[in-house]
Structures are given as structure tokens and as C-alpha cells.
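Take a look at the letters that make up each chain.
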Amino acid sequence: MTTAADPKIEREVGKQVRVSSAESPSDKNVDRRETEVCPATSSSSSLSAPGAGDEGEDRALSSLGTPGEPSASEDGSGGALEFEVFISFRWQDTANGFSWQLREALKHRDIRAFLMDADAEMLKTGKMMETSSKAMNRADVFIPIFSRGYAESTSCLEEIAKMVECKKLMLPVFYDVEPRDVRNQRGPFEAAFKRYEKDEGLDKKKLKAWRDALKETGEFKGYDMQNEADGELPDIFGGLKKLKVLNLCNPHLKVLPSSMFHLQSLERLYDVDCNWLEGTDMIDFSDLCSLTLLSIRGDNVYMLPSSLNSFPKLQVLTLNYCKNLKFIPTLPHSLTRLSASECPSLEKISNVSHLNALRSISLRDCTKLVDIPGLEKLRHLEELHLGGCSSLTHVVRDRIKVANFEHLLKMGISGTPTSSGGQISFVIPKVLNISRVQISIVGSFDCDQKLTGHIEIVKEGCLIFETRREAVYQYFCAFRFGEEDDMVRQIGSGNGYRIVRVSLDDGLITGGDIFVGTL
């Protein structure tokens, strides 16, 4: 795969746009089959437009140009749409990833590219093909992005047929499909065309035009993204100075270009099952000065860079489902939320006492975690979720006993069962404004019979409350207490920590969790 700083597809489009602007339409006799192009990103990686993936945010894709230019659904002065490049793509497959990134890369070369807004009102009014046709007539270069669902869209097939009819320069990109599948309408294209063959209402001449267009385009020497991925991402980030959101999703991705670490406008980075984190200890992340959210997950994550604390504005760090992650290094002072739930190999976290802004910690089901150094210093903590952390030692419970969590509103933590299995105890710090308590017990007991528990609250070695309750749920033996219950009042009032002890009339206890907090 090409890893040049200026990807071939951008250079080729720029060259052809300049040539086309100096020629008349009749002079554009280009040997399209000898044009070799290279896309700006890997087929399994995703570069998302700002806000892509967030519900409610505007996903409109419009023309490339300076403010005030017409969008893809607007008419310019005199009703003419002016674009140098027309990009044909299926919205569901590539809109928030490759096609958007390609458009942005062309924009930085002052090349205006047309992308149809699949969410636009024109879909309801029937003006989509009319607008698309105008843009195609004006464009100098066509870029069809053949994805697995391309043939599912009759609009895409209409576009490719018109592209071939126009006989302009075409630079095809084969996005996770084989060129021969496009050429022969096989593979992911086959099912769609079988349906079209059975559709008696479909004009057979139109169907033949679609097949002929795909056959001809499939012969072009374009770029096959499926067969040339080699675990490296092309160095395309240098021109994306305004990129705010980046999604990476490729288990084969092992190397990121150095320019990615200089995206000063990047605010959110999502990484799913990538390998690029290995060997990044020497990388300076300080240029990612706008990054506020870092989300990493997947089986390929074994370690995090020790320089993680160099992100100056990082607020949210999500490491859920990193099943091979064993250690979390020093975190930046700016962090407000840490989530690393379902990390069964996680054993240790660096000292967190300096994280004065931290409001939430979620480490559910980290079954090997033994300690959280500095936990007792987090005075502004509002949520603490340690349910399922069955290996927590007495050291953590001692930290909770001396902590002053004056803002704590929600907490879940695993208990410590006795060696005999007759009882389990939970340490509860000072918790304000609680309205619910739930205790869940696991062990050896008869689920078909009613389970009754004996529950006690101990403060400074003295029994201050006790009750007997039947389990609300038999299968995993759960006890619930509502806002008006004396149990809740005793935990939520007074100073200092409490010890909650639970035993069953019939059965052995091997583990359990307690949750206290608001509804």
C-alpha cells in the first residue's frame, strides 16, 4: 500500500481537474484504463466527519467550497451547480468514513467534490436524481466508490450508467469488493441483480445499461482496497487540519503515520481492535492538544502508552472490553471519567490521587484487579462502580473506610465472603442523597425455594440495624430496599463508613455485590 504524504488519488484528481479546465469537453479523450489511483485510507479504517456517529447531529454532506457556495441540494446563481468532481457512493456503506475523508482531502487541494446528501429533503420530493444529474453534467472527473452494497441502490446504478455514457475521466475505487465482482456482477453484487431480473416492472433496457456500465468500469485500473491492505494507514492526515473525530476499526492496523499525532483540532478518537498502540511509548502526544475523548477497545489491546498523561485536555478515557489489558499507566490531571469495565486481565492501575477533576470510575467485572492506589483522595468523585471486582483486597476496603467521598451519589462494589461461605460483608463509605440499595448474592442455594437473608449494618464495631428479608429475585438472590426503608436511611445518614453483612438461612455464599445510590 502506498504511504506517501500526498496520496495518488488526490494528485491524480488534481492533475485531471487542471487538464480538464484547459480543455473543451470534446478534447477529453483520456485512456481511463491506464489511470492508477490510491485512496486516502484503509478499507477497514474509518475517518468520521465531525460529530459522525452522534445521534441528533447534522450528517449532511454537501459541496466543497468556501462559505456561501451552494450545497448539494441547492442551486447556485442561474441554477447551475459547479463541481470539478462527482463522487458516487452508497450512503450506508461509506458516507461517514471513506467518502467523507476523500472529499475533505480534495477540499484541501481546492477541488470541489459533489456528495449527495442522503438525508436531504430531496429524497422526499423526488429531486435527488435531478440534482445529481446536474452535478454530473458539470463535473470533470467521476469517482465511483464500489462498496458491497453499491448495487443495492438503483440510484447508484443510474449514476454509474450515466458516468459511462458521459465518457469523462473515471477513477474507480473498489471499497471492500473485488474488481471482478463489479465486472461480472458476482459476489455482493449478485443478489441484487437476481432481484432486478425477477422484477417485471423494471425496464430490461435499463437493467442492461447497468450491467454494461459495471462491466466496463470493472475493467478500469483503479484501486482495489480489499487486496492491498497491509496494516499501514496512508499518511493522509497532514491535510486534515480541521479533523475533529477519528474512528479506527481494523485489527490489522499496526502502524499509524506520524502526522496523525499532530492533529491539533482532533477532539475524539475511537479505536476498535487495533494494534497500533504497541511501541508508542516514545511518541509525544502533546500535539493532540484538543483531544477530550479517547475510546479504545478490543482483544488486540495489551498495553497503553506510558505517555498517556501528556494529553492536556483529555476528559474521558474509555477502555471497556480490553480483555488482555493488564495495566493502566499514569493518567492526565484533566480526566473526569475513567471507564475500563469488562477487562478481565486488568490487575493494576497507577496512582489516581492527583486526579482532582475525576468524577466517575467504572471498573465493573475486572476480576483480577486488586488495588486502586490513591482512591481515598478523590474528594469530588460522584460515581464509583466496582461490581464484579472479586479480587479486590482489604487494602481497597481500607481506602474506602478513610475516604471522604462527600459528593458520592452512586456506588457499586463487590463484597468479601467468609471462608466458610456463611456470610459476606460490604464496605460502604459516606454516601449522600441515596434512595436505593440493592444487594445481589451468588453462591450455592436452591433457586426453587424462597431465600431469606439476615442483613446487618455495623458502624465502628457496633450493630446499629438488622433485618430479615426474602429475596426479590431467586435465581441470583437479590435484595432490594427503597427510599422509605430503614435500611436506606441508616446507610445514608451520619458520618463515617458502614459495614453491611449478609447471611442466608439456607445456602452458601461465594460472592456478591452491593449498589447504593439514586434511582
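Here the structure is a predicted model, which means the values were calculated and not measured.

## A word on the pattern of salt bridges
With the rule as written, the count across this model stands at 21 salt bridges. Of the charged contacts in the structure, one is a salt bridge between Glu 84 and Arg 112, with a shortest N-O distance of 3.5 Å. Remark: Arg 112 occurs in the loop between helix H3 (98–107) and strand E2 (113–114) and Glu 84 occurs in the loop between helix H1 (8–21) and strand E1 (85–88); sequence separation between them is 28 residues. Under the relative-accessibility criterion, Glu 84 is labelled buried at 16%. Overall, Arg 112 belongs to the partly exposed group, its relative accessible area being 25%. Notably, a salt bridge pairs Arg 180 with Glu 178, separated by 3.9 Å at the nearest N-O pair. When its relative accessible area of 47% is taken as the criterion, Arg 180 is described as partly exposed. In this structure, a network of salt bridges that share partners links the residues Arg 186, Glu 190 and Lys 194.

## Focus: the packing of helix H6 (residues 154–166) against helix H9 (residues 204–217)
In the contact formed by H6 and H9, the axes pass within 9 Å of each other and the chain directions differ by 65 degrees. When the axis of H6 is compared with that of H9, the two are roughly perpendicular. For the element pair H6 and H9, the recorded crossing hand is left-handed. Two secondary-structure elements touch here, H6 through Thr 154, Leu 157, Glu 158, Ile 160, Ala 161 and Val 164 and H9 through Lys 206, Ala 209, Trp 210, Ala 213, Leu 214, Glu 216 and Thr 217.

## Things to note about the packing of helix H8 (residues 190–198) against H9
Across the interface, H8 lies against H9 with an axial gap of 10 Å and an inter-helix angle of 160 degrees. If you check the angle between H8 and H9, you find them roughly antiparallel. The hand of the H8/H9 crossing is left-handed. For the pair formed by H8 and H9, the contact residues are Phe 193, Tyr 196 and Glu 197 on the first element and Lys 204, Leu 207, Trp 210, Arg 211 and Leu 214 on the second.

## Considering the nonpolar core
With 83 residues, the main nonpolar core has Leu 363, Leu 375, Ile 439, Ile 441, Phe 479 and Val 500 as its most contacted residues. Setting aside residues up to four positions removed in sequence, Val 500 forms contacts with Ile 424, Ser 425, Phe 426, Ile 428, Ile 439, Ile 455, Glu 456, Ile 457, Met 487, Ile 491 and Ile 514. Ala 135, Phe 193, Tyr 196 and Leu 214 belong to the second-largest nonpolar core, a separate cluster that totals 30 residues.

## Structural notes on helix H10 (residues 394–402)
Helical geometry: 3.6 residues make up each α-helical turn, so side chains three or four residues apart lie on a common side. Within H10, the full set of buried residues consists of Val 396, Arg 397, Arg 399 and Ile 400. Looking straight down H10, one finds that the buried residues subtend no more than 155 degrees of arc, so they occupy a single side. The exposed set on the far side of H10, more than 90 degrees from its buried face, consists of His 394 and Val 402.

## A closer look at the side chain of Ser 360
With respect to the element layout, Ser 360 can be found in strand E14 (residues 360–362). Excluding its chain neighbours within four sequence positions, the residues that come into contact with Ser 360 are Thr 336, Arg 337, Leu 338, Leu 381 and Glu 383.

## With respect to the state of the cysteines
Applying the stated criterion across every chain yields a total of zero disulfides. With no disulfide of its own, Cys 322 lies closest to Cys 343 among cysteine sulfurs, the gap being 5.1 Å. Assessed through its relative accessible area of 0%, Cys 322 is described here as buried.

## Re the sheet that holds strand E23 (residues 498–504)
Pairing in this open sheet of five strands is antiparallel, and the strands run E17-E18-E23-E20-E21 from one edge to the other. Strand pairing shows two members of the sheet lacking a second neighbour, strand E17 (416–417) and strand E21 (462–470), which therefore form its edges. By the bridge criterion, five bridges tie strand E18 (residues 424–428) to E23 in an arrangement that is antiparallel. Pairing of Val 427 across the sheet is with Ile 499, part of E23.

## Details of the environment of Asp 140
Looking at where Asp 140 falls in the secondary structure, it is placed in the loop between helix H5 (128–138) and strand E3 (141–146). C-alpha separation for the pair Asp 140 and Lys 168, spaced 28 residues apart in sequence, amounts to 6.6 Å.

## Section: the packing of aromatic side chains
Aromatic rings considered in pairs are described by the distance between their centres and by the relative angle of their planes. Counted under the stated rule, the structure contains six aromatic pairs. Centroid distance Phe 86 to Phe 142: 6.4 Å. Interplanar angle 80 degrees. Geometry classified as edge-to-face. Placement of the pair is Phe 86 in strand E1 and Phe 142 in strand E3, with a sequence separation of 56 residues. Each member of the pair, Phe 86 as well as Phe 142, is classed as buried.

## Description of the confidence of the model for the chain
A residue-level look at the chain finds 73% of positions with pLDDT of 70 or above and a mean pLDDT of 77. Predicted confidence in the chain is weakest over helix H4 (residues 122–125), with a mean pLDDT of 47, and strongest over strand E12 (residues 337–339), with 98. Confidence drops under a pLDDT of 50 for residues 1–6, and excluding neighbours within four residues, the segment shows 17 contacts in the predicted structure. Counting interchain partners and residues more than four positions distant, the pLDDT-below-50 stretch residues 118–124 has 11 contacts.

Criteria and cut-off values
- Residues numbered from 1 in each chain as written.
- Predicted model: local features only at pLDDT ≥ 70, side-chain atom pairs only at ≥ 80, totals over all residues.
- Heavy atoms only, no water.
- Salt bridge = Lys/Arg side-chain N within 4 Å of Asp/Glu carboxyl O.
- Helix = DSSP H or I, 4+ residues; strand = E, 2+ residues; numbered from the N terminus.
- Buried < 20%, exposed > 50% of the residue type's maximum accessible area, 1.4 Å probe, protein only.
- Axes fitted to C-alpha atoms, helices over the stretch in contact; angles between N-to-C directions.
- Parallel < 35°, antiparallel > 145°, perpendicular 65-115°, else oblique.
- Left-handed = near helix turned anticlockwise from the far one by under 90°.
- Contact = heavy atoms within 4.5 Å.
- Core = buried A, V, L, I, M, F, W, Y, C linked by side-chain atoms within 4.5 Å.
- Arc of directions from axis to C-beta.
- Disulfide = S-S within 2.5 Å.
- Pairing = 2+ DSSP bridges.
- Phe/Tyr/Trp six-rings, centres within 6.5 Å; stacked < 30°, edge-to-face > 60°.
- pLDDT = per-residue confidence, 0-100.

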